[in-house]
There are 2 protein chains.
Amino acid sequence: MTTLSAIDPERKVRRATMNDVARLAGVSIKTVSRVVNDEAGVHPATADRVLAAIDQLGFRRNLSARNLRRGSSTGTVGLVLEDVGNPFYSGVTRAVEEVSRLRGRQVITGSSDEDPARERELALEFCSRRVDGLLIVPAGVQHAYLVPEMRAGTPVVFLDRPAGDVVADTVLVDNVGGTAEAVRHLASFGHRRIAFLGDAPDIYTAGERLRGFREGCVRAGVRFDESLVAMGPHDAGSVRAALHRLTTAAEPATAVVTGNNRITVHALRALAGSVARPALVGFDDFELADLLSPPVTVLAHDASALGRAAAELLHARLDGDASPPRRVVLPVRLVARGSGEARP
Amino acid sequence: MTTLSAIDPERKVRRATMNDVARLAGVSIKTVSRVVNDEAGVHPATADRVLAAIDQLGFRRNLSARNLRRGSSTGTVGLVLEDVGNPFYSGVTRAVEEVSRLRGRQVITGSSDEDPARERELALEFCSRRVDGLLIVPAGVQHAYLVPEMRAGTPVVFLDRPAGDVVADTVLVDNVGGTAEAVRHLASFGHRRIAFLGDAPDIYTAGERLRGFREGCVRAGVRFDESLVAMGPHDAGSVRAALHRLTTAAEPATAVVTGNNRITVHALRALAGSVARPALVGFDDFELADLLSPPVTVLAHDASALGRAAAELLHARLDGDASPPRRVVLPVRLVARGSGEARP
DNA sequence: TCGATCGCGGACAACGTTGTCATAGTCCGC
DNA sequence: GCGGACTATGACAACGTTGTCCGCGATCGA
């Protein structure tokens, strides 16, 4: 095994083009193209010469040029989400990558950090790169900026949250049904003072989950108390403060529904060590929830399923599916593990 | 707010080009180019006409063509790792994205699933797309295939594991030192029968951590016992089986060092509920480790730091840094939380 | 033996953009 | 009124690739 030097003094070597290969092999550039593309009609001996030249020069065809010339697919898909670092979205990313790979496409990702301007910037940048399609977890509610792109034939699928003002394929999870189920579950154990701790209400999922919470209260015959709702806290400190307020009020909450995985984790950390812990059901499943004590009852839904469904929808569009836009709602399952089963 | 139709009957609209814009605005294509690129020397009135035409046609310049023509940067970076879905790597991805964004580059990712062929395929595919640089978590040990690319000026930075047979920038964590420290820690609490549960030994990090384990034993005056080493198990079942074997042997292990986050999690799940749990120190930190009971002592290192260091090294190369290849080793910190502090 | 066919290879244009250079018009000072 | 400097714009080629079409020699069928 020889160890090869990485950074050569002879740095500024121009990349070999088909022209260079053709010259070295003593054929025309078109013949090189034929060899590279496995086209028929090249004499084996000629092909060998060409392949040798390709090898010698380290030639690698320029996909930009190819795509430009062919005017067809660039073999890429753009994925705009909130944060690739969040385990939930990284699960989505992985699934999207998986599906796309099977369809011969690469994934370009970008994190919007809940900033609508950044979402737009990323999506349009991807369009400039002529991605074949876009998968977007919307940060904002205005998506008219995508209309020219969609009209130009770039299919767009929204996931996790719907678009504000365009009609397009959308894959969601059952936020309302899930949260309502959490309330029903807690009420069935006798809880009457149930709090909801959610993210900023202008985030679609947060709003929907609050709606589900409200509906769940109505259905379970539990009084919906505005003062038991805290929308917005999503970092450790604010979650801790909100939780403190909710559990030390005059009529304190005996149970809490947390609106997403991050809030759940912050809440668990805030509650660790406290004596009288409220019962808790968290939206989003997370690793090790089963190993905590008490194990955490969650509203589970599958990040992979979400990514897979969205990517498959997108690829169906790319394969020519021109049916009306679809809205897919994936189920949410309550996984009872213990934290939601304590009596008040 | 008007709701706009997504999939039009008038689908097959060709994307507008600068030519179309030029025709509509009644100027030459070059003038459009000037407006799009904010070049000086265009009459404001002309520029307005052009901008109006751009807006009307939904023109968005084709970056493929631009990059082809300019022959310069494509503004992309390729990231090949094992699995974007793994929280550790998604942290890396996020950091890489962050750094790249500040430098004006997009990230294309691909998961190799520990398959060297797939790693190679992905890396070369990225090269065909003319990424400005490559970040690779090697799956295999042969990287000679990258030499032509590196010679052609594509900088490559390896992260988390070194390359097999090329000299290039590399960012690693202190695997040996970390694991040795774990052994020292356990030994200081009186453990003499310490087991190591690692991934397949042909994975670099697994091998290094085993080496660190061995060194740690020597230094701590603990007998290194081959029979207390299990290399390879990395799914729930095999980890459970290995753990069972190690803790029920004639001279059972009283403490275990687990070789990465997945193995740690499987081990914790296998040990949950068992009465006499061995002390445990896991390589890689993970969310909620502090909330388990007992809280899990880990060898922590920062995924973000790893990604950031690698991405910054890469961008330094892209900015012309031609110094000899560097090897950066990031520290590993033992975070004592409880699971490693039980006496035998 | 002659025309038809086939296998192989090449010349050329085009994809959408930008760098270079040219040109027509305007304005200034002397 | 004229040279020169400057402004605004355009014509053209080129980036690296592939599709179209054409040519040349060999082989084949009648």
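Let me sum up the structure you'll find in this document.

A word on the protein's contact with DNA strand D
At step 1: Close to DNA strand D lie 25 residues, the nearest being A:Arg69, B:Ser28, B:Thr31, B:Arg34 and B:Thr46.
At step 2: Sugar and phosphate atoms represent 62% of those atoms of DNA strand D found within 4 Å of the protein.
At step 3: B:Thr31 is positioned with one of its side-chain polar atoms (N or O) 2.6 Å from a phosphate oxygen of DNA strand D.
At step 4: A distance of 2.4 Å separates a phosphate oxygen of DNA strand D from a polar side-chain atom of B:Thr46.
At step 5: Residue assignment for the surface near DNA strand D shows that the elements contributing at least two residues are helix H2 (29–36) and helix H4 (63–70) of chain A together with helix H2 (29–36) and helix H4 (63–70) of chain B.
At step 6: Counting residues per element, the surface near DNA strand D draws most heavily on H4(A), at 4 residues.
At step 7: Looking at side-chain class alone, the surface near DNA strand D contains 7 nonpolar, 9 polar and 9 charged residues.

Quick look at the packing of aromatic side chains
Residue and element names in this part refer to chain A.
At step 1: Here the structure, examined in full by the defined rule, presents 6 aromatic pairs over all chains.
At step 2: Taking the centre distance of 5.2 Å and the plane angle of 70° together, the rings of Phe 88 and Tyr 89 count as edge-to-face. The same class applies to Phe 88 and to Tyr 89, which are both buried.
At step 3: Taken together through their ring pairs, the aromatic side chains of Phe 196, Phe 213 and Phe 224 make up a single cluster.

Looking at the protein's contact with DNA strand C
At step 1: Near DNA strand C you find 24 residues, and of these A:Ser28, A:Thr46, B:Met18, B:Lys30 and B:Arg69 are the closest.
At step 2: Put simply, 62% of the atoms of DNA strand C that lie within 4 Å of the protein are in sugar or phosphate.
At step 3: Here a phosphate oxygen of DNA strand C sits 3.0 Å away from a polar atom, N or O, in the main chain of A:His43.
At step 4: Per-element tally for the surface near DNA strand C: the top contributor is H4(B), with 4 residues.
At step 5: Residue composition of the surface near DNA strand C, by class: 7 nonpolar, 9 polar and 8 charged.

The rules we used
- Residues numbered from 1 in each chain as written.
- Chains lettered and ligands numbered in written order.
- Predicted model: local features only at pLDDT ≥ 70, side-chain atom pairs only at ≥ 80, totals over all residues.
- Heavy atoms only, no water.
- Near = heavy atom within 4 Å.
- Polar contact = N/O pair within 3.5 Å; in protein donor to acceptor, adjacent residues only side chain to side chain.
- Helix = DSSP H or I, 4+ residues; strand = E, 2+ residues; numbered from the N terminus.
- Nonpolar A, V, L, I, M, F, W, Y, C, P; charged D, E, K, R; others polar.
- Phe/Tyr/Trp six-rings, centres within 6.5 Å; stacked < 30°, edge-to-face > 60°.
- Buried < 20%, exposed > 50% of the residue type's maximum accessible area, 1.4 Å probe, protein only.

The quantities given are spatial measurements derived from coordinates; they are silent on function.
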